[in-house]
Amino acid sequence: MTRVFDEDLVPGFGTRAIHAGQRPDPLAGAIMTPVYLTSTYVQEGLGQNKGYEYARGKNPTREAFERNVAALENGRHGFAFASGMGCLDSIMKLFRAGDHVICAENVYGGTFRLFDKILQHFGLSFSFVDTRDPQRVADAVTPKTRAILAETPSNPLMRLTDIAAVADIAHRAGALLIVDNTFASPYFQRPLELGADIVYHSTTKYLNGHSDMIGGCAVVRDDGLAERLQFIHNAAGAVAGPFDAWLALRGTKTLHLRMRQHDANGREIAKWLVDRVGHENVYYIGLPTHPQHELARRQMTGFGGMISVELGTRERAAHVLGRVRVFALAESLGGVESLISQPAGMTHASVPPDRRAALGLSDGLVRLSCGVEDVGDLLADLDQAFEGIPGEARREPTPSARSRDTKQPAGT
Ligand SMILES: *Cc1c(COP(=O)(O)O)cnc(C)c1O
């Protein structure tokens, strides 16, 4: 009997992460999905094939990855792309000149750049709105609004959008809600379950998790929408290559394990940062002092490893960035290794300075992607990197920090 894993029958996230979309290879029974490095498929006769004709349209390695991510997002159809941006660009091809799109004002810099510098010239119009307040989203709706795009938590300011509330606004307007779920991953947040129509990822980040490929993936439930995306996927052709799909498929097998550790490390490091610079300067959705912490608890099941911290000046940011030894100074996020960056000069350099200032994305803002190393080593690294930071009147540790310190065994 051929063992066929039926993702619809298995509720456990970890089991789905390891098995969904995959079956033993029919030739030899290989448990791992082969990398189908092929451009075309031999046809048995004119008009007769095994469902595969040309590899832009379909590739078995890519299909396994797409089914896997679709199962993790609790959707029905997945589409893997060559990058997160390629994915979003293809999603936007669902729309046409004259259509209006409401976009969260704090999004990944490349998302803003794609809309502002490219798609605008094709007749799409965009309103950039503070989507933390659903009323502002409702107020921005026009008769031409066809989509609302939210990134939650947002990069790098950790702002949240109430997915269920904004899905409602979108649907009343006859528009689609598109959610960039890159920061949370489906382990902590599943936007389709909250009413979103399209969820997408830069799979470069947490889904792959090992910083060794670039990719994107979109997931939907609706069959009609899937058919339109499938058409664009093949017709526009920004598809994921089989090797990248294979790497990312290997990555998702440990997504649940990695996310738990990212989350545990994120919480510890956020606490350390609060003691060091004050809670008002630490943007972490897991902190009870985060203004949207309640919403985070409502629509997510964990908080992850992304933290931003306001250090006040570029000089102070440069001090820390120049001294870290375990954290690596680099763009990107979501890998097993910890990274640190200055969004204003790196990931968000494409956002004009006045816009950055209006958002609160300052030159002193530093973003940490907490990896899954031993948290004691990460804390020690930050401790030595903050040493001698210019202009610091070192804060007295708060009583809670002091009692925590004494309770911690050495080496944690
Ligand atoms: C990195 C990133 C993207 C872009 O994805 P690429 O794979 O780099 O093209 C989009 N959204 C978010 C939130 C990201 O972090």
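On a predicted model such as this, the values are computed, not experimentally measured, just so you know.

Student: Give me the lowdown on the sheet that holds strand β8 (residues 282–283), citing residues and values where you can.
Tutor: Read from one edge to the other, the open sheet built from five strands follows the order β8-β9-β12-β11-β10, with strand pairing classed as mixed. Only two strands of the sheet have a single neighbouring strand rather than two, namely β8 and β10 (328–329). With two bridges joining them, β8 and strand β9 (residues 306–310) adopt antiparallel strand pairing. In the strand pairing of β9, V282 is matched with V309.

Student: Lay out the side chain of H233 with the relevant residues and their values.
Tutor: Along the chain, H233 turns up in helix α8 (residues 223–236). Here A80 takes part through its backbone oxygen, which lies 2.7 Å from a polar atom of the side chain of H233. Those residues in contact with H233, other than ones at most four positions away along the chain, are R62, E66, F79, A80, F81, A238 and V239.

Student: Outline the packing of aromatic side chains, supporting the account with residue identities and numerical values.
Tutor: Enumeration over the complete set of coordinates arrives at eight aromatic pairs. Taken together, a centroid distance of 4.3 Å and an interplanar angle of 15° make the contact between F115 and F126 stacked. Separated by eleven residues along the polypeptide, F115 in helix α4 (residues 109–118) and F126 in strand β3 (residues 125–129) bring together distant segments of the chain. Since its relative accessible area comes to 15%, F126 is described here as buried. For the ring pair F243 and W246, a centre distance of 5.8 Å and an interplane angle of 15° mean the geometry is stacked. With F243 and W246 both in helix α9 (residues 242–252), this residue pair falls three residues apart, about one helical turn. Here the aromatic cluster, defined as three or more aromatic residues joined through ring pairs, consists of F112, F115, F126 and F128.

Student: So what's going on with the side chain of N68? Residues and values would help.
Tutor: Mapped onto the elements of the fold, N68 is located in helix α2 (residues 60–72). The buried category is assigned to N68, whose relative accessible area is 0%. Only 3.0 Å separates the side chain of N68 from the backbone oxygen of A20, close enough to count as a polar contact.

Cut-offs applied
- Residues numbered from 1 in each chain as written.
- Predicted model: local features only at pLDDT ≥ 70, side-chain atom pairs only at ≥ 80, totals over all residues.
- Heavy atoms only, no water.
- Pairing = 2+ DSSP bridges.
- Helix = DSSP H or I, 4+ residues; strand = E, 2+ residues; numbered from the N terminus.
- Polar contact = N/O pair within 3.5 Å; in protein donor to acceptor, adjacent residues only side chain to side chain.
- Contact = heavy atoms within 4.5 Å.
- Phe/Tyr/Trp six-rings, centres within 6.5 Å; stacked < 30°, edge-to-face > 60°.
- Buried < 20%, exposed > 50% of the residue type's maximum accessible area, 1.4 Å probe, protein only.

Bear in mind that shape data such as this cannot, by itself, settle questions of function.
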